[in-house]
Amino acid sequence: KRGFCEAYASYFSDRNATDRDHKPLTYSDLLEKANSCLKGCEFHLQKNITALSKSMTSDSALAFQRIMEDMIAASTRKRVRKLKRKMTKQFPECKKWVEWWLRDNIAPLVFTAYMTMDEATLKSLPDTTNAEESLNWSLYSHVGSRKTTAVDAVDSIRCFSDATYADLERLFGGCTLLCYPALSY
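Residues numbered from 1 in each chain as written. Predicted model: local features only at pLDDT ≥ 70, side-chain atom pairs only at ≥ 80, totals over all residues. Heavy atoms only, no water.

A. Looking closely at the packing of helix α4 (residues 58–73) against helix α5 (residues 77–90). At a closest axis distance of 9 Å, the pairing of α4 and α5 adopts a crossing angle of 165°. Accordingly, the angle class assigned to the pair α4 and α5 is roughly antiparallel. Crossing of α4 against α5: the hand is left-handed. Along its contact with α4, which presents Ala63, Phe64, Ile67, Met68, Asp70 and Met71, the element α5 presents Arg79, Val80, Leu83, Lys84, Lys86, Met87 and Gln90. (Axes fitted to C-alpha atoms, helices over the stretch in contact; angles between N-to-C directions. Helix = DSSP H or I, 4+ residues; strand = E, 2+ residues; numbered from the N terminus. Parallel < 35°, antiparallel > 145°, perpendicular 65-115°, else oblique. Left-handed = near helix turned anticlockwise from the far one by under 90°. Contact = heavy atoms within 4.5 Å.)

B. Local environment of the packing of aromatic side chains. A full pass over the atoms with the stated rule returns four aromatic pairs. When the ring of Phe64 is compared with that of Phe91, the centres are 5.5 Å apart and the planes differ by 75°; the resulting orientation is edge-to-face. Here Phe64 is found in helix α4, whereas its partner Phe91 is found in the loop between α5 and α6 (95–101), with 27 residues between them in sequence. Residue Phe64 is classed as buried on the basis of its relative accessible area, which comes to 0%. Note on Phe91: relative accessible area 4%, which makes it buried. (Phe/Tyr/Trp six-rings, centres within 6.5 Å; stacked < 30°, edge-to-face > 60°. Buried < 20%, exposed > 50% of the residue type's maximum accessible area, 1.4 Å probe, protein only.)

C. Structural view of the nonpolar core. By size, the foremost hydrophobic cluster in this structure holds 26 residues, and its most contacted members are Leu45, Phe64, Met68, Met71, Met87, Trp97 and Phe111. Looking at this core, the elements that each hand over two or more residues are α3 (42–53), α4, α5, α6 and α7 (107–110). No other element matches the six residues that α4 contributes to this core. Non-local contacts of Phe64, meaning those with residues more than four positions away in its chain, are made with Ile49, Leu52, Ser53, Met56, Met87, Phe91, Cys94 and Trp97. (Core = buried A, V, L, I, M, F, W, Y, C linked by side-chain atoms within 4.5 Å.)

D. Just the pattern of salt bridges, in detail. Inspection of the entire model under this criterion finds four salt bridges. Ionic pairing is found between Lys95 and Glu99, a salt bridge with its closest N-O pair at 3.2 Å. Placement of the pair is Lys95 and Glu99 together in helix α6, with a separation of four residues, close to one helical turn. A residue is classified by how much of its surface remains accessible, and Lys95, at 40% relative accessible area, is partly exposed. (Salt bridge = Lys/Arg side-chain N within 4 Å of Asp/Glu carboxyl O.)

E. How the structure looks around α4. A rise of 1.5 Å per residue sets the reference length of α4, with its 16 residues, at 22 Å; its end C-alpha atoms lie 22 Å apart and thus fit the reference within 8%. For α4, the full list of buried residues reads Ala61, Phe64, Ile67, Met68, Met71 and Ile72. Buried positions in α4, seen along its axis, are confined to an arc of 135° and lie on one side of it. Every exposed residue of α4 that faces more than 90 degrees away from the buried side is listed here: Ser58, Asp59, Arg66 and Ala73. For α4, the elements touching its buried residues are α3, α5, α6 and α7. (Expected span 1.5 Å × (residues − 1). Arc of directions from axis to C-beta.)

F. Spotlight on α5. Between its terminal C-alpha atoms α5 stretches 20 Å, which fits the 20 Å expected from 14 residues at 1.5 Å a residue. Where α5 is concerned, the buried positions are Val80, Leu83, Met87 and Thr88. One side of α5 holds all its buried residues, which, seen down the axis, span an arc of 130°. Exposed residues lying more than 90 degrees from the buried face of α5 are Lys78, Arg85 and Lys89. Its buried side turned inward, α5 meets α4 and α6.

G. Highlighting a positive patch on the surface. Among the surface-exposed residues, Arg77, Lys78, Arg79, Arg81, Lys82, Arg85 and Lys86 lie close enough to one another that they form a single positively charged patch. Inspection of the secondary structure assignment puts Arg77 in helix α5. (Patch = residues over 30% accessible without salt bridge, like charges linked within 9 Å, V, L, I, M, F, W, Y side chains within 5 Å. Areas by Shrake-Rupley, 256 points an atom, 1.4 Å probe, with all protein chains shown as cover. Lys, Arg positive; Asp, Glu negative; His and termini not counted. Charge placed at Lys NZ, Arg CZ, Asp CG, Glu CD.)

H. Here's a closer look at the confidence of the model for the protein chain. For the protein chain, per-residue confidence averages 78 on the pLDDT scale, and residues scoring 70 or more make up 72% of the total. Taking the mean pLDDT of every element in the protein chain, the minimum, 64, falls on helix α9 (residues 131–143) and the maximum, 96, on α5. Taken together, the stretch residues 179–185 has pLDDT below 50 and engages in 29 contacts with residues farther than four places along the chain or on a different chain. (pLDDT = per-residue confidence, 0-100.)

Next comes the structure, spelled out in structure tokens:
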């Protein structure tokens, strides 16, 4: 996440990015915009919830899952905090786990109340993937199997890089891309 945000901010600060009113954007403005392009993978959180539930009685597991579902869907941070208190009181062994998911750099990726992405874009993205995993899959599919030689792998990575650069050139040439905050440079 940090790498994406820093690359995004660096790239656009080198191009003197401005907002819709043509006001220059600072590096920290660009970091904030980059954060608003990220959506976490709810699938991983759900896998964690399921794994923790397996160590509980069926009634406790059901209560834990309901609290977590409510936390994910809560529309306000106040509601999330209230549910966190309820959960840590009922399941004290999960306190550190839920605190990790509610960290400032993690919560906006999976909890509705903390998300900064605009709602239309958020709803258009699947819950089972995120941009980093998508990029990883794309890279792995270009590089090939583990039986690939080092030379072939490096050549595949170069081709992937060239294709990605061409995509960026098309994007900056006027094509649009989902979750691309309005910037001009």
